[in-house]
Amino acid sequence: AYAIGNQAIVTPMLAQMQDSNIVQTIVDMAAFDNRYYATTNGANASNWLLKKWTDMTAGRSDISVAQFSHPNWGQKSVILTIKGSDNPAEVVVLGAHLDTINMNGTYETTIAPGADDDASGIASLTEALRVMLANGYKPRRTIKIIGYAAEEVGLRGSQEIAQNFKDNNVNVVGVMQLDMTNYQGSSSDIYLYTDYTNSQQNDFVAKLISTYLPTLSIGYDQCGYACSDHASWDAQGYPTSMPFEAAFSQYNPYIHTSDDTYANSGSQAAHALKFARLAAAYAVELGSEGS
Ligand SMILES: N[C@H](Cc1ccc(I)cc1)C(=O)NO
Ligand SMILES: [Zn+2]
Ligand SMILES: [Zn+2]
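Residues numbered from 1 in each chain as written. Chains lettered and ligands numbered in written order. Predicted model: local features only at pLDDT ≥ 70, side-chain atom pairs only at ≥ 80, totals over all residues. Heavy atoms only, no water.

**Observations concerning the site of ligand 1**
Here's step 1: Near ligand 1 there are 16 residues, and of these Glu151, Glu152, Asp179, Tyr225 and His256 occur at the shortest range.
Here's step 2: Between ligand 1 and His97, the relevant distance is 3.1 Å, taken from an oxygen atom to a side-chain nitrogen or oxygen of the residue.
Here's step 3: Note that an oxygen atom of ligand 1 is positioned 3.1 Å from one of the side-chain N or O atoms of Asp117.
Here's step 4: Comparing atom positions with the cavity grids shows ligand 1 to sit within the largest pocket.
Here's step 5: Residues that form the shell around ligand 1 fall into these classes: 10 nonpolar, two polar and four charged. (Near = heavy atom within 4 Å. Polar contact = N/O pair within 3.5 Å; in protein donor to acceptor, adjacent residues only side chain to side chain. 1 Å grid on protein atoms, 1.4 Å probe; cavity = no way out; pocket = protein on both sides within 12 Å on 5 of 7 lines; lining within 4 Å. Sits in = over half its atoms within 2 Å of the grid points. Nonpolar A, V, L, I, M, F, W, Y, C, P; charged D, E, K, R; others polar.)

**Side note on the packing of aromatic side chains**
Here's step 1: Applying the stated criterion across every chain yields a total of 11 aromatic pairs.
Here's step 2: Residues Tyr36 and Tyr37 carry aromatic rings whose centres are separated by 5.0 Å and whose planes lie at 80° to one another, so their mutual orientation is edge-to-face. When sorted by exposure, Tyr36 lands in the same class as Tyr37, which is buried.
Here's step 3: Measuring from centroid to centroid gives 5.3 Å for Phe165 and Trp233, while their planes differ by 90°, and the two rings are edge-to-face. Here Trp233 lies in helix 7 (residues 230-235) and Phe165 lies in helix 5 (residues 156-167), a separation of 68 residues in the sequence. The same class applies to Phe165 and to Trp233, which are both buried.
Here's step 4: Within the aromatic cluster, the residues linked to one another by ring pairs are Tyr193, Tyr225, Phe244, Phe248 and Tyr251.
Here's step 5: Over the ring of Tyr238 we find Lys166; its NZ or CZ atom is 5.1 Å from the centre of that ring. (Phe/Tyr/Trp six-rings, centres within 6.5 Å; stacked < 30°, edge-to-face > 60°. Buried < 20%, exposed > 50% of the residue type's maximum accessible area, 1.4 Å probe, protein only. Helix = DSSP H or I, 4+ residues; strand = E, 2+ residues; numbered from the N terminus. Lys NZ or Arg CZ within 6 Å of the ring centre and 35° of its normal.)

**Here's the deal with the sheet that holds strand 5 (residues 171-177)**
Here's step 1: Strands sit in the order 1-2-4-3-5-8 across an open sheet of six strands; the sheet is mixed. Because the sheet does not close on itself, it has two edges, and the strands there are strand 1 (63-68) and strand 8 (240-241).
Here's step 2: Note: strand 3 (residues 87-97) against strand 4 (residues 141-148), eight bridges, orientation parallel. Bridging across to strand 4, Val92 finds its partner in Ile143.
Here's step 3: Running over the sheet, helix 5 touches strand 1, strand 2 (77-82), strand 4 and strand 5 and is turned about 155° from strand 4. (Pairing = 2+ DSSP bridges. Contact = heavy atoms within 4.5 Å. Axes fitted to C-alpha atoms, helices over the stretch in contact; angles between N-to-C directions.)

**Quick look at the environment of Ser258**
Here's step 1: You can see Ser258 is positioned in the loop between strand 9 (243-244) and helix 8 (270-287).
Here's step 2: Take Ser258: its relative accessible area is 35%, and that puts it in the partly exposed class.
Here's step 3: In this structure, the C-alpha to C-alpha distance between Ser258 and Ser124, residues 134 residues apart in sequence, is 22 Å.
Here's step 4: Ser258 has contacts with Asn102, Ile111 and Pro113, leaving out every residue within four places of it along the chain.

**Side note on the sheet that holds strand 6 (residues 190-193)**
Here's step 1: The three strands are arranged 7-6-9 in an open sheet whose pairing can be described as mixed. A single partner strand is all that each edge strand has here, and the edge strands are strand 7 (218-221) and strand 9.
Here's step 2: Pairing of strand 6 with strand 7, which is carried by four bridges, proceeds in the parallel orientation. Considered in strand 7, the bridge of Ile190 is made with Ile218.
Here's step 3: In the packing of helix 6 (residues 199-212) onto the sheet, the strands contacted are strand 6 and strand 7, and the crossing angle to strand 6 comes to about 170°.

**Some remarks on the packing of helix 6 against helix 8**
Here's step 1: Following both chains from N to C, one finds helix 6 and helix 8 inclined at 115°, their axes separated by 10 Å at the closest point. One way to sum up the angle between helix 6 and helix 8 is to call them roughly perpendicular. Helix-helix and strand crossings are classified by hand; for helix 6 and helix 8 the assignment is right-handed. Every residue of helix 8 that contacts helix 6 at Gln201, Phe204, Val205, Leu208, Ile209 and Tyr212 is listed here: Leu278, Ala281, Tyr282, Glu285 and Leu286. (Parallel < 35°, antiparallel > 145°, perpendicular 65-115°, else oblique. Left-handed = near helix turned anticlockwise from the far one by under 90°.)

This is the structure we're talking about:
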């Protein structure tokens, strides 16, 4: 368990990853007035992500992309599935949320770009996906990449998905949540959160960083509450980790406002690239395990 032994696959992938691709995804998502769970823009943002991931994965018969409908609101979650080759019953989940919110209230045309919260997480995962595809990587376990709806209104999309997986006895061996990856508010590079997560998996994630991203420094912190979608999976007893952009007291001050823009993340994605690389290493190392 938690073996690191796929350097020949992972190391070249990490070298191919580019912040320019992450920038493009952030800018495209932030172009919606908002991505609120209950607006037309919010529903359209889900459809946009469905199309993006579908177009990227065309030609791979082992990959499917589908929306997960939530009965009580319009915005759908998006779930990409790479079916495992010989150990498909064991499932690795990587997630970020696609919705946004404005703290002053969010209506059809309210501006809530969510460049950092959480287009950065979707963009980091999308770049990890791109290099896995470019290298023709086929995992032994199933890998699911999820864009959650309705995180901002109580982790509601991930709660329904995690409950559904539990009800269907899905054997999720690990979950990584990326919520805010691009605002470098603190001195360390990656902060591993220790509440609502699994300490053994956190140790594995720290080892992935020291193995594959040895120049990066690691910090630890706590939210003190269920601060993102990993808590939905933790509540179902699945092991989770949440690598985060900064220490709790120093995260992006612009979130949940019209000022959560790419410019206010420093007009760069070098910070998000660290998380994209970590996500790729996590997906390949966990995904390559046989039964
Ligand atoms: N509450 C969270 C913001 C947030 C997420 C993680 C941490 I650590 C601190 C703060 C949110 O708005 N997620 O979308
Ligand atoms: Zn938020
Ligand atoms: Zn968020």
